[in-house]
Structure formats: C-alpha cells, structure tokens
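# Remarks on the overall topology
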Amino acid sequence: VNLRAVTSWVGIARLFAVVLSCVAFSLVASTGRFEAPYGTWCMFTWCFCFAVTLLVLLLELLELYPALPLSWDDFTSAFSMLAALMVFTSSVVFPATFISSPCSSSVCARQAVATTVSCLCFLAYALEVGLTRAKPGDISSFLSTVPGLLKVFEAYVACLIFSLLDSYSWQAGLQWCVAVYSICFIFTLLIIVFTIGRCLSYIPCPLEKMLVGYNALALVMYVTATVIWPLYNFKDTSRPKPCGSDCTWNKHLGVTFLTIFNLIAYLVDLVYSTRMVFI
C-alpha cells in the first residue's frame, strides 16, 4: 500500500475532489430537479469526476497503475485538467439554469449549497493541476506541460462549440467554420490519445516540430473562423425579443466567444511550443 497516494498534497487535493463531487451530486439528486440537458450534464460531470478520481486514488494506493498500458502521468494530468474544466462549467451552468431569485425554499437552498461545493471542487482540481504541472526543464510527461494542458483545453472548448451548433444555416462560410472546429478537434484529440497510449514513437517525423506546424496551421484556421462566424451570423441581424436560454442568437454568440477563447489558446500553445523546440 502506497500511503503517499493519500498523504501527499496531490493526494489530499484528490481526496477533497472526491468528497466535494460526491456531496454536489448527492445534494442535487436529493432535490430531484436536474432535468433537461443542462441538468443532466451537471450530474454527469460530478458523477464522472467522482468515479474517475476515486479510481485514480485506489490504483495509486494499491500501486496497480504500472500494470496499465498507458502513460500514467499523462493520463492523470489530462484528467485533472479536464475535470477542472468540466466542474467549472457545471458551477456556472447549474445556478444559471436552476436557481432563481428569490431563493427561499429548501430545494433552492440545497441547490445553492451544491453550487458552492461545486466551486470548491473546481478549486481542488485546479490545485491538482498546479501541483502536477511540469516545472521548467521537466519533460517527463507532455500533457503536464503548458502545451499539453492547452491541448486538453482546446479539445474541451471545441466540444462546447459542438454542443451549441444545433442550428445554423448551411452557407459555405459557416460550413468552413464547422470544418475548422471539427478538424482541429480531431487532431488535438489524437495527440492527447497517442500521448496517453504511448504511441507517439510510431509517428515517422519529429514530434516537436510537427506540433509547432500543427499549432500554426490551427491558429490560421481559427483566425478565419473568428472572422467568418460572426460575419455570417450577425450581419444585418439583431437580437430577437424575447431571447431565452435556447435562443439561437445566444448560441451563435456563445460559439463566437468560444472561438475567440480557442484562438487565444492556440496562439499561446504556438508560442510555448516554439520556445520548447527552438529556444
């Protein structure tokens, strides 16, 4: 038994994440009000993060992870980053969807406490990301470096974009934007999977230089999407009234901001990757 799995700072952060995610989905489940896609997503996030983090703790406690055919450090780094992003999204989406003012009933109180606990759970995962992030000069695991963590962020933001693309006009410019989101997501996901699966050695070209080239190409593609998407969707179009949570105009606006976030992420990724390779 490896007691450091639960007594180190990383282990303690994981223990807090397990407890807090369990409390969050238990409180929401007790209210019985987590219907609709947003509520289902929040419940899935807390349950998924609870289950995987508990599994990680058990595998490290019993020292069973070396038998797995994957890069354990890359897997745990990628998961902690993904969990932080998922829990942060749920901490914003859940109160915005289910908590209304004034909050006076017992159900609303439990929802408010669940939101607070979810925010603390996000901090626990963010602490784990900070503790496991590779220090300058340490390249033991790619996904624990800044470019590796940005790969997880880019893939997750692309998933959020896809969730908002339920309705759009099939114009050539918008089809190009969807192609940009899809192509960049697929290649980023392949990089993450190949890294965790220890398959990068099979790539018949220098990985570092390939990543620099890919980041440059993805940055150029996202620049075009950042210009074309709002141009086609908002030109000569005003926000309708009323415009609720399922309003198409709001979803298009959300895609615009998420595109900008990914554009910035690919820019930072390119800068860091270039420094790692050439400097």
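Please read these numbers as outputs of a predicted model, since none were measured by experiment.

### Some details on the overall build of the protein
When its secondary structure is counted, the protein shows 9 helices and 0 strands. In terms of C-alpha radius of gyration, the protein reaches 20 Å, essentially the compact-globule figure of 19 Å for 279 residues. Its C-alpha atoms put the protein at 60 × 55 × 25 Å along the principal axes. By the burial criterion, 45% of the 279 residues in the protein qualify as buried. Considering only intrachain contacts with a sequence separation of at least 6, the fraction spanning at least 24 residues in the protein is 77%. Total accessible area on the protein is roughly 14300 Å²; 72% of this is exposed by carbon and sulfur atoms.

### Let's talk about the domain arrangement of the protein
Assigned domains of the protein: these are domain 1 (1-137) and domain 2 (145-278). Taking only C-alpha atoms into account, the centre of domain 1 sits 25 Å from that of domain 2. Counting residues at the interface gives 16 residues for domain 1, matched by 10 residues for domain 2. Summed over both partners, the interface of domain 1 with domain 2 comes to about 1300 Å²; 74% of that surface belongs to carbon and sulfur atoms. Our enumeration of links across domain 1 and domain 2 arrives at 3 residue pairs in polar contact (both at pLDDT 80 or more). Going through the elements one at a time, helix H3 (36-61) and helix H4 (72-98) are the ones with two or more residues in the side of domain 1 that touches domain 2. No other element matches the 9 residues that H4 contributes to the side of domain 1 that touches domain 2. Classifying every residue of the side of domain 1 that touches domain 2 gives 11 nonpolar, 3 polar and 2 charged.

### Re the layout of surface pockets
Put simply, the largest pocket is a space of about 1300 Å³. Forming the boundary of the largest pocket are 41 residues, of which Trp41, Thr89, Tyr156, Leu160 and Ser163 lie nearest the centre. Contributions of two or more residues to the lining of the largest pocket are made by H3, H4, helix H6 (146-163), helix H7 (172-196) and helix H9 (248-278). Counting residues per element, the lining of the largest pocket draws most heavily on H4, which supplies 14 residues. Tallied by class, the residues present in the lining of the largest pocket amount to 33 nonpolar, 5 polar and 3 charged. Of the domains in this structure, domain 1 (1-137) and domain 2 (145-278) are the two that each give at least three residues to the lining of the largest pocket.

### Observations regarding the nonpolar core
Within the largest apolar cluster, 42 residues are counted, with the highest numbers of intra-cluster contacts made by Ile161, Tyr181, Cys184 and Tyr222. For this core, the secondary structure elements donating two or more residues are H4, H6, H7, helix H8 (207-234) and H9. Both domains that furnish three or more residues to this core are identified here as domain 1 (1-137) and domain 2 (145-278). When residues no more than four places from it in sequence are discounted, the contact partners of tyrosine 181 are Ile161, Phe162, Leu165, Tyr222, Ala225, Trp229, Val255 and Thr259.

### Observations regarding a nonpolar patch on the surface
A cluster of nonpolar side chains, contributed by Ile183, Ile186, Phe187, Leu189, Leu190, Val193 and Phe194, occupies part of the molecular surface with about 580 Å² of accessible area. In this structure, phenylalanine 187 sits in helix H7. Taking relative accessible area as the criterion, phenylalanine 187 reaches 45% and is therefore assigned partly exposed.

### Considerations on the packing of helix H2 (residues 9-31) against H3
Two packed helices can be described by the angle between their axes and the distance between those axes. Taken N-terminus to C-terminus, the directions of H2 and H3 make an angle of 150°; their axes are 9 Å apart at the nearest point. The way H2 lies across H3 gives a crossing that is left-handed. Across the interface between the two elements, Gly11, Arg14, Leu15, Ala17, Val18, Ser21, Cys22, Ala24, Phe25, Val28 and Ala29 of H2 pack against Met43, Trp46, Cys47, Phe50, Thr53, Leu54, Val56, Leu57 and Glu60 of H3.

### Comments concerning the pattern of salt bridges
Here the structure, examined in full by the defined rule, presents 3 salt bridges. Linking arginine 14 and glutamate 60 is a salt bridge whose minimum nitrogen-to-oxygen distance equals 2.9 Å. Remark: glutamate 60 occurs in helix H3 and arginine 14 occurs in helix H2; sequence separation between them is 46 residues. Here arginine 14 and glutamate 60 have matching classes, each one buried. Residues aspartate 269 and lysine 151 are paired through a salt bridge, measuring 2.4 Å at the closest nitrogen-oxygen approach. Linking aspartate 269 in helix H9 with lysine 151 in helix H6, this pair joins segments that are 118 residues apart in sequence. A single burial state applies to aspartate 269 and to lysine 151, both of which are buried. Overlapping salt bridges bring together Arg14, Glu60 and Glu128 as one network.

Rules used in this analysis
Residues numbered from 1 in each chain as written. Predicted model: local features only at pLDDT ≥ 70, side-chain atom pairs only at ≥ 80, totals over all residues. Heavy atoms only, no water. Helix = DSSP H or I, 4+ residues; strand = E, 2+ residues; numbered from the N terminus. Rg over C-alpha atoms; globule rule 2.2 N^0.38 Å. Buried < 20%, exposed > 50% of the residue type's maximum accessible area, 1.4 Å probe, protein only. Contact = heavy atoms within 4.5 Å. Areas by Shrake-Rupley, 256 points an atom, 1.4 Å probe, with all protein chains shown as cover. Domains from an automatic or database assignment. Buried area = accessible area lost by both parts, 1.4 Å probe. Polar contact = N/O pair within 3.5 Å; in protein donor to acceptor, adjacent residues only side chain to side chain. Nonpolar A, V, L, I, M, F, W, Y, C, P; charged D, E, K, R; others polar. 1 Å grid on protein atoms, 1.4 Å probe; cavity = no way out; pocket = protein on both sides within 12 Å on 5 of 7 lines; lining within 4 Å. Points joined across faces, edges and corners; volume = space filled by probe spheres on them. Core = buried A, V, L, I, M, F, W, Y, C linked by side-chain atoms within 4.5 Å. Patch = residues over 30% accessible without salt bridge, like charges linked within 9 Å, V, L, I, M, F, W, Y side chains within 5 Å. Salt bridge = Lys/Arg side-chain N within 4 Å of Asp/Glu carboxyl O. Axes fitted to C-alpha atoms, helices over the stretch in contact; angles between N-to-C directions. Left-handed = near helix turned anticlockwise from the far one by under 90°.

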